[in-house]
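What follows is the residue order along each chain.
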Amino acid sequence: NYLAGRNRYDLVSRNALLGTCATIAVTLWVLATQASMVTLTLGINIVLVLTALLNVGDAARIRRTNLRAAKRVPFKQSARVLLTFSWPVFVMQLTDVLFYQQTDRLVLGAFVGLGAVTLYEGAGKFNAIIIMLSGLAVSAVMPLASKMHGEKRRDANSFLFVEGTRYLLALLVPMIVV
């Protein structure tokens, strides 16, 4: 994610929170109107596309501002470096989305029906919020932890790990218990 790479976690978390709230709203609407599984899937995918467009818009705005001050690198050269480095990560994320995030919904829909998928999706959103918050916390601390590791400040890195875990648990445990 370009925004996370630029340490713009404020934008990443805002867009993720908006996407999660919109998906919950779509799920509740499907429950209230007793719409079909196709409607639920379509609504969730529209929310995913709109969230991605928010991320792209924010990234383009930040990139335009940074390009004015930076020296331009030829597109072919930067594309080659990017694809050489990141294609395994892209393939892993794609398989994660296809097989890990969507398979359970498809299997439930095929064997049990829309009602089960809708109920599962509602509960799944709370799980997604917890996963998103823990992931954001890790990605927010990672640059500092990497810097400390590079400077061989093991005590400070250990302290950051212990305290960060403590604060993250203090935030997440009430949400998990409820």
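Residues numbered from 1 in each chain as written. Predicted model: local features only at pLDDT ≥ 70, side-chain atom pairs only at ≥ 80, totals over all residues. Heavy atoms only, no water.

### Concerning the nonpolar core
Phase 1: Core analysis: the biggest nonpolar cluster contains 7 residues, these being Val-26, Val-30, Ala-35, Leu-40, Ile-44, Val-47 and Val-117.
Phase 2: Elements that contribute at least two residues to this core include exactly helix H2 (9-33) and helix H3 (37-69).
Phase 3: In terms of residue count, H3 provides more of this core than any other element does, 3 residues in total. (Core = buried A, V, L, I, M, F, W, Y, C linked by side-chain atoms within 4.5 Å. Buried < 20%, exposed > 50% of the residue type's maximum accessible area, 1.4 Å probe, protein only. Helix = DSSP H or I, 4+ residues; strand = E, 2+ residues; numbered from the N terminus.)

### Here we look at the side chain of Asn-15
Phase 1: Take Asn-15: it is sitting in helix H2.
Phase 2: Of the residues examined, Asn-15 reaches a relative accessible area of 0% and is grouped as buried.
Phase 3: At a separation of 2.8 Å, a polar atom in the side chain of Asn-15 contacts the side chain of Arg-14. (Polar contact = N/O pair within 3.5 Å; in protein donor to acceptor, adjacent residues only side chain to side chain.)

### With respect to the pattern of salt bridges
Phase 1: With the rule as written, the count across this model stands at 4 salt bridges.
Phase 2: Two residues, Asp-58 and Arg-14, come together in a salt bridge whose shortest N-O distance is 2.6 Å. On the criterion of sequence distance, the pair formed by Asp-58 in helix H3 and Arg-14 in helix H2 is long-range, its members being 44 residues apart.
Phase 3: When its relative accessible area of 7% is taken as the criterion, Asp-58 is described as buried.
Phase 4: Classification of Arg-14 by relative accessible area gives partly exposed; the value is 36%.
Phase 5: Taking the shortest distance from any N to any O, the salt bridge between Arg-166 and Glu-163 comes out at 2.7 Å. Of this pair, Arg-166 and Glu-163 both sit in helix H7 (residues 154-177), 3 residues apart, which is roughly one turn of the helix.
Phase 6: In this structure Arg-166 comes out as partly exposed when scored by relative accessible area, which is 49%.
Phase 7: On the accessibility criterion, Glu-163 (17% relative accessible area) is buried.
Phase 8: Here the salt bridges share partners, and the residues they tie into one network are Arg-14, Asp-58 and Arg-61. (Salt bridge = Lys/Arg side-chain N within 4 Å of Asp/Glu carboxyl O.)

### Considerations on the packing of H2 against helix H6 (residues 114-150)
Phase 1: Remark: H2 packs on H6, axes separated minimally by 10 Å, with the N-to-C direction vectors making an angle of 175 degrees. Classed by the angle they form, the pair H2 and H6 counts as roughly antiparallel. Residues Tyr-9, Val-12, Ser-13, Ala-16, Leu-17, Thr-20, Thr-23, Ile-24, Thr-27, Val-30 and Leu-31 of H2 form the contact with H6, whose participating residues are Thr-118, Glu-121, Gly-122, Lys-125, Ile-129, Met-132, Leu-136, Ser-139, Ala-140 and Pro-143. (Axes fitted to C-alpha atoms, helices over the stretch in contact; angles between N-to-C directions. Parallel < 35°, antiparallel > 145°, perpendicular 65-115°, else oblique. Contact = heavy atoms within 4.5 Å.)

### A word on unusual backbone geometry
Phase 1: In this structure, Gln-34 takes a positive phi of about 55 degrees despite not being glycine.
Phase 2: Assignment of secondary structure puts Gln-34 in the loop between H2 and H3.
Phase 3: The class of Gln-34 is exposed, set by a relative accessible area of 72%.

### Structural notes on a nonpolar patch on the surface
Phase 1: Where nonpolar side chains cluster on the molecular surface, the patch consists of Leu-42, Ile-46, Val-49, Leu-50 and Leu-53 and spans about 480 Å² of accessible area.
Phase 2: By the element assignment, Leu-53 lies in helix H3.
Phase 3: For Leu-53, a relative accessible area of 52% translates into the label exposed. (Patch = residues over 30% accessible without salt bridge, like charges linked within 9 Å, V, L, I, M, F, W, Y side chains within 5 Å. Areas by Shrake-Rupley, 256 points an atom, 1.4 Å probe, with all protein chains shown as cover.)

### Side note on the environment of Ala-52
Phase 1: Of note, Ala-52 is situated in helix H3.
Phase 2: In this structure, the C-alpha to C-alpha distance between Ala-52 and Ala-16, residues 36 residues apart in sequence, is 9.3 Å.

### Let's talk about the environment of Val-38
Phase 1: In this fold, Val-38 is placed in helix H3.
Phase 2: In sequence terms Val-38 and Gly-109 are 71 residues apart; their C-alpha atoms lie 9.8 Å from each other.

### Re H7
Residues lying three or four places apart along an α-helix face the same way, a consequence of the helix completing one turn every 3.6 residues.
Phase 1: The terminal C-alpha atoms of H7, which comprises 24 residues, lie 33 Å apart, in line with the 34 Å expected from a rise of 1.5 Å per residue.
Phase 2: Along its length, H7 shows its largest kink, about 30 degrees, at Leu-171, and proline Pro-174 lies within four residues downstream of that point.
Phase 3: Among the residues of H7, those classed as buried are Asn-157, Leu-160, Glu-163 and Leu-172.
Phase 4: Here the buried face of H7 lies against H6. (Expected span 1.5 Å × (residues − 1). Bend = angle between axes of the 7 residues up to and from the residue.)

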